[in-house]
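# Per-entry structural report
The lines below spell out each chain.
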Amino acid sequence: MKEPIVVAEDLTFYYSGSKEPALQDVNLAFHRGEIALLVGATGAGKSTLYMCLNGLIPHLVPGRVGGRVLIDGSPTSEQSISELAQKVGFVFQSPDVQLFSHTVREELAFGPENLGLTVPEILRRVQHAATTIGISDLLEREPAYLSGGQQQSVAIGAIWAMLPEILIMDEPTSNLDPQSSQRVLELIRSLNREHGKTVLIAEHKIDATAQFADSILVLNEGRVAMQGEPRQVFSQTEKLHEMGLVAPAAAELAFELSKYGYTFECWPLTAEEGIQAIGELL
Amino acid sequence: MLAPDRRRRNPGDWGASLVPERQLTSEAIIKVRDLSYSYPGEISALRSVNLDILPGEFVAIIGSNGSGKTTLVKQFNGLLKPSQGHVLVDGLDTRSSRVSELSRIVGFVFQNPDHQIFAYSVWEEASFGLKLQKLDSESVERQTSDALKAVSLDGLRDRHPRALSRGQRQRLATASILALNTPVLVLDEPTTGQDYLSRRQIMELAVGLHAEGRTVLMVTHDMALVAEYATRVIVMQDGEVACDASPKEVFEREEMLRATGLDLPPVVKIARGLREFGFSETPLTQAELVETLLTAIRS
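Here the structure is a predicted model, which is why all the values come from computation and not from measurement. (Residues numbered from 1 in each chain as written. Chains lettered and ligands numbered in written order. Predicted model: local features only at pLDDT ≥ 70, side-chain atom pairs only at ≥ 80, totals over all residues. Heavy atoms only, no water.)

## Digging into the domain arrangement of chain A
Residue and element names in this part refer to chain A. When its domains are assigned, chain A resolves into domain 1 (1–87 + 164–229) and domain 2 (97–163). Across the boundary between the two partners, domain 1 contributes 16 residues, which contact 12 residues of domain 2. Contact between domain 1 and domain 2 buries roughly 1200 Å² in total, counting both sides, with carbon and sulfur atoms accounting for 78%. Our enumeration of links across domain 1 and domain 2 arrives at 0 salt bridges. Taken together, the links from domain 1 to domain 2 amount to 1 residue pair in polar contact (both at pLDDT 80 or more). Secondary-structure elements contributing two or more residues to the side of domain 1 that touches domain 2 are helix H3 (81–85), strand E7 (166–170) and helix H8 (178–195). Looking at which element gives the most residues to the side of domain 1 that touches domain 2, the answer is H8, with 6 residues. (Domains from an automatic or database assignment. Contact = heavy atoms within 4.5 Å. Buried area = accessible area lost by both parts, 1.4 Å probe. Salt bridge = Lys/Arg side-chain N within 4 Å of Asp/Glu carboxyl O. Polar contact = N/O pair within 3.5 Å; in protein donor to acceptor, adjacent residues only side chain to side chain. Helix = DSSP H or I, 4+ residues; strand = E, 2+ residues; numbered from the N terminus.)

Right under this line is the structure:
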């Protein structure tokens, strides 16, 4: 039985001074240990949703809130931002927005220091994060001079050191080359599989991420448009197009061929599945 | 090659006539000769690069993070100057030219719009470069307005740039360069962080500018963009040119791509995999793949 760890109930949010809701009547559940992919066009409400999950809404961002968010069973309105920071970690889109220290070691220590932990505990957390993320050899390096992929790993490590149960990643691979993207996604999956962390990833690069996700949440104009398993969501290609979104290339190809009467028992998502499914037609 | 009269169509006064010592021996608008570059105190970021960029090309520059792509294109408008060798931009040696001269020829749209944007309104940002060029106010008005229309921001001219979304800021940064009407346009990762529709919009814009005769140089990690739009691909690896060929030729060299941190675009990967099933076409876009597949399935 999958246990929900993040629940939104009738969640609505208006930014201060705005007549249009950024989120409207959002009901959703993410389950412990799953990787969920958040998909939505710019302005669909993804960033607002993250802020509702880590407590910046309702605690810090001015606006009007309706409904509620439960993290691990308790409402965010009844937990402080620092309490929530230990449960929900947020990794920024560009690591250079997040990273600021002179060494990777300081960067990893920053979060635990701000939680007011003891020095031995801080050091233990730094070691743990460095080992888990695979950046032990970079501890004395200056983040600004690392490669994009390494910087993204350090950014994840800095959040990992706070030991959150839930990791939110805003386009973690958007600045990375294809192979570094693949490595970061594999790192995220291993953190999920080996440590049971719940991961929410927002990405526009659907082809690389679809296969890593257990579930897909599609936001459109502040509402939940679809939520389900990847194959179920990405087989509704036409509906995605209406929202300005696309499915992975293999699914798009199956959709195009289906217009000519070709049918697919199992809707392909990855290139490999696409090759198999279409190869059978040849 | 761009004919001189066609080039003078651009309102900027960058034209050849103002540069008497300009070398007229080559067709290339950008010539790179034995270019090496090292950032202060670091190992070399570019090593012995030789390139000719011809007018009217749509060149994709690809390579892993840290391979030297951005360092290379920053040489084209003099933001960085060669440690060794030469870069000639429309005949001007970048070592002895000011950025203000070079920026009339090469427009540079940064990867991160926040490194570029500084003004307090969309209009001010988009018109800033033109004002520096001391154009009359009518031309400033017209060129700024055209550029903002091209990126669909003309309705937001009084908005503060910080109040725009990341995608909109990226388009604003593009507009402020577009307004300059430079014959060469460098786009450093233009679609990073953009959703599907914005990505399409930016690329349609680039295609339109290319169709007007401008030379477009695009640094990107997005292999699908390379496949769909580029006429030529330059693959950088460890500061050197690892490969310089057409998209089709580059994608045939799968081993080389892997060795440089890259991957085939999904459409090409699927077409390649289908060779096993007797499919022999080499489409670059989804539309081409669908078309060639239908023919193959029906025969």
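From this point, the discussion proceeds with the structure in view.
## A short note on the confidence of the model for chain B
The pLDDT averaged across chain B works out to 87; a share of 91% of its residues lies at or above 70. Counting interchain partners and residues more than four positions distant, the pLDDT-below-50 stretch residues 1–26 of chain B has 33 contacts. (pLDDT = per-residue confidence, 0-100.)

## Re the packing of aromatic side chains
Taken as a whole, this structure holds 8 aromatic pairs over all chains when the rule is applied. Between A:Phe90 and A:Phe92, the aromatic rings sit 5.1 Å apart at their centres with planes inclined by 85°, giving edge-to-face as the arrangement. In this structure A:Phe90 comes out as buried when scored by relative accessible area, which is 16%. Here A:Phe92 falls in the partly exposed class, since its relative accessible area comes to 37%. Both rings, one in B:Phe118 and one in B:Phe128, keep their centres 4.8 Å apart while their planes meet at 80°; by these two values the pair is edge-to-face. Highlighted residues: B:Phe118 in the loop between strand E6 (106–109) and helix H4 (122–132) and B:Phe128 in helix H4, separated in sequence by 10 residues. Here a set of aromatic residues connected by ring pairs shows up, and it is made of A:Tyr50, A:Phe90 and A:Phe92. (Phe/Tyr/Trp six-rings, centres within 6.5 Å; stacked < 30°, edge-to-face > 60°. Buried < 20%, exposed > 50% of the residue type's maximum accessible area, 1.4 Å probe, protein only.)

## Quick look at the pairing of strand E7 (residues 184–188) of chain B
All names here are of chain B. Of all 5 residues in E7, 5 are buried; the element is thus mostly enclosed. Side-chain alternation along E7 places Val184, Val186 and Asp188 on one buried face and Leu185 and Leu187 on a second face that is also buried. Where E6 and E7 come together, 4 bridges link them in parallel fashion. Bridge pairing links Val109 to Leu187 in E7. As paired strands, E7 and strand E8 (residues 215–219) are joined by 5 bridges and run parallel to one another. Along E8, the bridge assignment pairs Leu185 with Val216. At this point the chain moves from E7, through helix H7 (residues 196–211), to the parallel E8, and the crossover so formed is right-handed. (Pairing = 2+ DSSP bridges. Right-handed = clockwise from strand over helix to strand, strands pointing away.)

## Remarks on the pattern of salt bridges
Taken as a whole and assessed by the stated rule, the structure comprises 27 salt bridges over all chains. We note a salt bridge from A:Glu165 to A:Arg32, for which the minimum N-O separation is 3.6 Å. One end of the pair, A:Glu165, is in the loop between helix H7 (148–160) and E7; the other, A:Arg32, is in the loop between strand E2 (23–31) and strand E3 (35–39), and 133 residues separate them in sequence. For the salt bridge of B:Arg47 with B:Glu240, the shortest nitrogen-to-oxygen distance reads 3.6 Å. Of the two residues, B:Arg47 sits in strand E2 (residues 44–53) while B:Glu240 sits in strand E10 (residues 240–245), which places them 193 residues apart along the sequence.

## A few points about the interface of chain B and chain A
Contacts between chain B and chain A engage 36 residues on the former and 36 residues on the latter. Here chain B and chain A share 0 salt bridges between them. Joining chain B to chain A, the criterion identifies 5 residue pairs in polar contact (both at pLDDT 80 or more). Contributing elements (two or more residues each) for the side of chain B that touches chain A: H7, helix H10 (254–259), helix H11 (266–273) and helix H12 (286–298) of chain B. At 8 residues, H12(B) tops the list of elements feeding residues into the side of chain B that touches chain A. A breakdown of the residues in the side of chain B that touches chain A according to their chemical character gives 16 nonpolar, 13 polar and 7 charged. (Nonpolar A, V, L, I, M, F, W, Y, C, P; charged D, E, K, R; others polar.)

## Concerning the sheet that holds E8(B)
Residues and elements named next belong to chain B. In spatial order, the strands read E6-E7-E8-E3-E9-E10; together these 6 strands make up an open sheet with mixed pairing. At either margin of the open sheet sits one strand with a lone partner, and together these are E6 and E10. Strand-to-strand twist in this sheet, taken as the mean axis angle between neighbours without regard to direction, amounts to 15°. Sheet strands in contact with helix H6 (residues 166–178) are E6 and E7, and its direction is about 170° off that of E6. The strands touched by H7 are strand E3 (58–62), E7 and E8; relative to E3, the strand with the most contacts, the crossing angle is about 135°. (Axes fitted to C-alpha atoms, helices over the stretch in contact; angles between N-to-C directions.)

## Regarding the sheet that holds strand E8 (residues 198–202) of chain A
Residues and elements named next belong to chain A. Strand order in the open sheet made by the 6 strands is E6-E7-E8-E3-E9-E10, with mixed pairing throughout. The strands lining the two open edges of the sheet, one partner per strand, are strand E6 (88–91) and strand E10 (223–228). Put simply, the sheet's adjacent strands are angled 20° from each other on average, direction ignored. Relative to E8, E7 runs parallel, the two sharing 5 bridges. From the neighbouring strand, Leu167 faces E8, where its bridge partner is Val199. Sheet strands touched by helix H1 (residues 46–53): E3, E6, E7, E8 and strand E9 (215–220). Its angle to E3, the strand with the most contacts, is close to 140°. In the packing of H7 onto the sheet, the strands contacted are E6 and E7, and the crossing angle to E6 comes to about 160°.

## Points about the packing of helix H13 (residues 271–279) of chain A against H11(B)
Relative orientation of the contacting elements H13(A) and H11(B) amounts to 45°, with a least axis distance of 9 Å. Judged on the interaxial angle alone, H11(B) and H13(A) are oblique. In the packing of H13(A) onto H11(B), the handedness of the crossing is right-handed. Residues A:Ala271, A:Glu272 and A:Ile275 of H13(A) pack against B:Lys269, B:Ile270 and B:Gly273 of H11(B). Its residues assigned to classes, the contact of H13(A) with H11(B) comprises 3 nonpolar, 1 polar and 2 charged. (Parallel < 35°, antiparallel > 145°, perpendicular 65-115°, else oblique. Left-handed = near helix turned anticlockwise from the far one by under 90°.)

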